[in-house]
Amino acid sequence: MCFENASVNNDKKTLQKEECGKSDQVACDSYNSCPSKTTCCCTYTYGPYCLTWGCCPIESGVCCADDPSQCCPSHSPICNVGKSTCNKSKNSQLSSKALKLTPA
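A short tour of the structure in this document, coming up. (Residues numbered from 1 in each chain as written. Predicted model: local features only at pLDDT ≥ 70, side-chain atom pairs only at ≥ 80, totals over all residues. Heavy atoms only, no water.)

Each helix and strand in the chain was counted, giving 0 helices and 13 strands. Its helices and strands taken in sequence order, the chain reads β-β-β-β-β-β-β-β-β-β-β-β-β from the N to the C terminus. A burial count over the chain gives 25% of its 104 residues as buried. Intrachain contacts of the chain at a sequence separation of at least 6 include 22% that bridge at least 24 residues. Surface exposure of the chain reaches about 7400 Å², of which carbon and sulfur atoms provide 52%. (Helix = DSSP H or I, 4+ residues; strand = E, 2+ residues; numbered from the N terminus. Buried < 20%, exposed > 50% of the residue type's maximum accessible area, 1.4 Å probe, protein only. Contact = heavy atoms within 4.5 Å. Areas by Shrake-Rupley, 256 points an atom, 1.4 Å probe, with all protein chains shown as cover.)

The structure is reproduced here in structure tokens:
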């Protein structure tokens, strides 16, 4: 996360942080974020909880459920994990290369 100013209050033994403007980050959860104009994708779940996040390098990306290391653009939302491609529809012959996530 981004913090512009941090100061310690010795009386209360707390660290006060002022977050940078929200426009430069996309919140994945309370602890993790991705850069602006990207999409958060859960890369590891435990039951209903997401334990690790990745950043898809485009806005409104579609996270690939069968391969949590990849994502697709919203205009080609079908992930073909075997070929690492993205398709407009299940039977579409046109495809583009799937995008790799970076750590959140």
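There's more to say after this.
Read from one edge of the open sheet, 3 strands run 5-6-13, paired in antiparallel fashion. The strands lining the two open edges of the sheet, one partner per strand, are strand 5 (39-46) and strand 13 (102-103). Direction of pairing for strand 6 (residues 49-56) relative to strand 13: antiparallel, over a ladder of 2 bridges. Residue pairing for strand 13: Cys55 is matched across the bridge by Thr102. (Pairing = 2+ DSSP bridges.)

Right, let's talk about the side chain of Ser76 for a bit. Assignment of secondary structure puts Ser76 in the loop between strand 8 (70-72) and strand 9 (78-80). Judged by its relative accessible area of 5%, Ser76 is buried. At 3.2 Å, the side chain of Ser76 forms a polar contact with the side chain of His75. The residues touching Ser76, leaving out its near neighbours within four places in the chain, are Cys86, Asn87, Lys88 and Ser96. (Polar contact = N/O pair within 3.5 Å; in protein donor to acceptor, adjacent residues only side chain to side chain.)

Where nonpolar side chains cluster on the molecular surface, the patch consists of Tyr44, Tyr46, Tyr49 and Leu51 and spans about 520 Å² of accessible area. Elements with a minimum of two residues in the nonpolar patch: strand 5 and strand 6. Inspection of the secondary structure assignment puts Tyr44 in strand 5. (Patch = residues over 30% accessible without salt bridge, like charges linked within 9 Å, V, L, I, M, F, W, Y side chains within 5 Å. Salt bridge = Lys/Arg side-chain N within 4 Å of Asp/Glu carboxyl O.)

Attention now goes to the nonpolar core. Membership of the largest hydrophobic core is limited to 5 residues, which are Cys28, Cys34, Cys40, Trp53 and Cys55. When neighbours within four sequence positions are excluded, Cys28 is seen to be in contact with Ser33, Cys34, Cys40 and Trp53. (Core = buried A, V, L, I, M, F, W, Y, C linked by side-chain atoms within 4.5 Å.)

The pairing of strand 5 with strand 6 spans 7 bridges and is antiparallel. Bridging across to strand 6, Cys42 finds its partner in Trp53. In textbook terms, the turn of a hairpin is the stretch between consecutive antiparallel strands, and for strand 5 and strand 6 this stretch comprises 2 residues, one of which, Gly47, has a positive phi near 60 degrees.

Judged by pairing direction, the sheet is antiparallel, and its 3 strands sit side by side in the order 7-8-12 without closing on themselves. Edge positions in the sheet fall to strand 7 (62-63) and strand 12 (99-100), since each has one partner strand and no second. Note: strand 8 against strand 12, 2 bridges, orientation antiparallel. Bridged to Cys71 within strand 12 is Leu99.

So far we have only geometry, and geometry alone does not tell us how the molecule works.
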